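# Residue-level structure breakdown
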Amino acid sequence: MKVAVFGLGYVGTVTAAGLAHSGHTVVGVDVDATKVAAINAGESPVVEPGIAELMESAVQAGRLHATSSAVEAVEHADLSLICVGTPSGSLGSTDLSYVEKVLAEIRHAMSVVAPPASGFHAVVVRSTVPPGTVDTVVAPAFAEAVPGWEVGAAMCPEFLREGVSVKDFFAPPFVVVGTADERAAAAVAELFSFLDIETRHVATTTAESLKYACNAFHATKVSFANELSRVFRGFGVDSREVMEIFCEDTKLNIAPTYLRPGFAYGGSCLPKDLRALLQMARANGVDAPLLDGTVLTNELIIRDVVERVIATGLRHVALLGLSFKADTDDLRESPNVELAERLVGKGFDVRVYDPIVNPDRLVGANRRHVETRLPHLNRLLACTPEAALEGAEVVLVSASGEGITDALRAAAPAHVIDLCGRLDHEVEELPGYSGVGW
């Protein structure tokens, strides 16, 4: 393919050199004449292990050169990759002015040069941009057709770490393309076909959001380890050893477990131990805002669901699932018990069904917790999901299973708020369906 790469910073330079090394013909575009001259001399404008050799071989092979002219780059090109900077504005917003400038340059170039043989050109954003940018900024730039050109817009986020970006380019964690245009998706898949990895075709906003999710998680991991080290230091603990062992757990700690949008955490361990850790921090005069924020975020999830129920203006509510986790009768600090308590306190008519919880069999701490927080449980509990759903206008679903989903499909209530994210597609297709965070 012939590829135009706009922006020759770290991402653009590594992307251009990597694509040229893999057999594509690449023209890099940048307003900085120094960067252009460096590349044309076979030298890299950025310092990265392995990039100098990659750049030199690509330029010598005639598959890579640079220019300040968008017209030169776009002529006969199959695809444009936008790799320009998207810096923060004064209040943290994303500055898209460089993206917009490149879009204008690409459109102008299309008006004066020949299209590729296919007549189709994919404009693909590689820069990190907020969800909706491709649909509201990129695609509209080409809404008015340029004679001879058909344009498809897409998002293909990069996952390059400075210092190992060349290695990351040839061994990415995934290749993702977000677009509603099948031809653009096919173009990106062809572009990266030299990698031994399948290209994931997703919604445009999913691809735009993915890089933010990754970077936010990476930042959170750094802060989590550092915050714990500040707390444990007061107890003479070597937190390096703690985290080294911590990372050996690939079932829960370094794993997909818990990284699934849903309802609040609860149970006999997480709330109690987090409170204890925060008390340890306070006792040693240590601020722990990340851990404090975790408690607040959990509260906001519960509060958000209550407010969404209130916003419906309806009064008859069914809660399917009461224990803090499916397939258990443990009600200690269950966020579902908290949810039921708040709704009852606000005057809602609440019916509850749980496939396991039976108040006649509750003992010990479970019984004490329910008697304290939800003493009227017997009155709220229904024996079947159908009984709980009878007359219900708003249904909150925290438990799944054939009986529950069948009853939901049959009842088709006005509103279904999915708290677990494990319901089948037929339930998700109900007109009143929405997820707790989707």
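Rules used in this analysis
Residues numbered from 1 in each chain as written. Predicted model: local features only at pLDDT ≥ 70, side-chain atom pairs only at ≥ 80, totals over all residues. Heavy atoms only, no water. UniProt positions renumbered as here; feature names shortened; annotations may be inferred. Helix = DSSP H or I, 4+ residues; strand = E, 2+ residues; numbered from the N terminus. Buried < 20%, exposed > 50% of the residue type's maximum accessible area, 1.4 Å probe, protein only. Contact = heavy atoms within 4.5 Å. Lys, Arg positive; Asp, Glu negative; His and termini not counted. Charge placed at Lys NZ, Arg CZ, Asp CG, Glu CD. Polar contact = N/O pair within 3.5 Å; in protein donor to acceptor, adjacent residues only side chain to side chain. Axes fitted to C-alpha atoms, helices over the stretch in contact; angles between N-to-C directions. Left-handed = near helix turned anticlockwise from the far one by under 90°. Salt bridge = Lys/Arg side-chain N within 4 Å of Asp/Glu carboxyl O. Pairing = 2+ DSSP bridges. Right-handed = clockwise from strand over helix to strand, strands pointing away. Arc of directions from axis to C-beta.

Per an unreviewed UniProt entry, the recorded name for the protein chain is UDP-glucose 6-dehydrogenase, and the organism is Nocardioides agri. The Pathway (unreviewed entry) field of the UniProt record for the protein chain holds the comment "Nucleotide-sugar biosynthesis; UDP-alpha-D-glucuronate biosynthesis; UDP-alpha-D-glucuronate from UDP-alpha-D-glucose: step 1/1." Reading the Sequence similarities (unreviewed entry) entry of the UniProt record for the protein chain gives the comment "Belongs to the UDP-glucose/GDP-mannose dehydrogenase family."

### Concerning the overall build of the protein chain
For the protein chain, the helix and strand inventory stands at 18 helices and 13 strands. Projected onto its principal axes, the C-alpha positions of the protein chain cover 80 × 60 × 40 Å. A total of 438 residues make up the protein chain; the buried ones form 44% of that total. Residue pairs at least 24 apart in sequence account for 70% of intrachain contacts in the protein chain once pairs closer than 6 positions are excluded. One finds the centroid of the 35 positive side-chain charges in the protein chain at a distance of 8 Å from the centroid of its 56 negative side-chain charges.

### Section: the UniProt feature "binding site: NAD(+)" (unreviewed entry) in the protein chain
Here the UniProt-annotated "binding site: NAD(+)" (unreviewed entry) positions come out as Asp 30, Lys 35, Thr 86, Thr 128, Glu 162, Lys 272 and Arg 332. A maximum C-alpha distance of 61.5 Å among these annotated residues, which run over 303 residues, shows that they spread across the structure rather than meeting at one spot. Following the sequence through the fold, Asp 30 ends up in the loop between strand S2 (25-29) and helix H2 (33-40). Assessed through its relative accessible area of 11%, Asp 30 is described here as buried. Separated by 2.8 Å, the side chain of Asp 30 and the backbone nitrogen of Asp 32 make a polar contact. Within the element layout of this structure, Glu 162 appears in the loop between strand S6 (150-155) and helix H7 (165-170).

### Some thoughts on the packing of helix H11 (residues 270-283) against helix H12 (residues 289-312)
The contact between H11 and H12 brings their axes to 10 Å, and the two run at 145 degrees. In the packing of H11 onto H12, the handedness of the crossing is left-handed. Contact residues: Leu 274, Leu 277 and Leu 278 in H11; Leu 291, Asp 292, Thr 294 and Val 295 in H12.

### Re the pattern of salt bridges
On inspection of all chains with the given rule, the structure shows 14 salt bridges. For Arg 161, the salt bridge goes to Asp 168, with nearest N and O atoms at 2.8 Å. Accessibility expressed as a relative area gives 53% for Arg 161, which makes it exposed. Between Arg 183 and Asp 181 there is a salt bridge, with the nearest N and O atoms lying 3.5 Å from each other.

### Some remarks on the pairing of S2
The element S2 is largely enclosed, with a buried count of 4 among its 5 residues. The sheet contact formed by strand S1 (residues 2-6) and S2 spans 5 bridges and is parallel. Residue pairing in the sheet places Phe 6 in a bridge with Val 29 of S2. In this fold, the crossover linking S1 to S2 by way of helix H1 (residues 10-21) has right-handed handedness. Strand direction decides the pairing type here: S2 and strand S3 (residues 64-67), joined by 4 bridges, are parallel. Within the sheet, the bridge partner assigned to Val 29 lies in S3 and is Thr 67.

### Points about helix H17 (residues 402-411)
Listed as buried for H17 are Ile 404, Thr 405, Ala 407 and Leu 408. In a view along the axis of H17, the buried residues occupy a sector of 160 degrees, so they form one face of it. Of the residues in H17, the exposed ones pointing more than 90 degrees away from the buried face are Glu 402 and Ala 410. The elements touched by buried residues of H17 are strand S9 (316-320), strand S10 (349-353), helix H16 (385-389), strand S11 (394-397), strand S12 (415-418) and helix H18 (425-428). Ala 412, located one to two residues past H17, shows a positive phi value of around 45 degrees.

### So, the sheet that holds S10
What the 5 strands build is an open sheet, ordered S10-S9-S11-S12-S13; its pairing is parallel. Strands with a single pairing partner mark the edges of an open sheet, and in this sheet they are S10 and strand S13 (433-435). Taking the axes of each pair of neighbouring strands and ignoring which way they run, one obtains an average angle of 20 degrees across the sheet. Note: S9 against S11, 4 bridges, orientation parallel. Among the inter-strand pairings, Leu 319 is bridged to a residue of S11, identified as Leu 396. Where H12 meets the sheet, its contacts fall on S9, S11, S12 and S13, and the angle it forms with S11 comes to roughly 160 degrees. H17 contacts S9, S10, S11 and S12 of the sheet and is inclined by roughly 160 degrees relative to S11.

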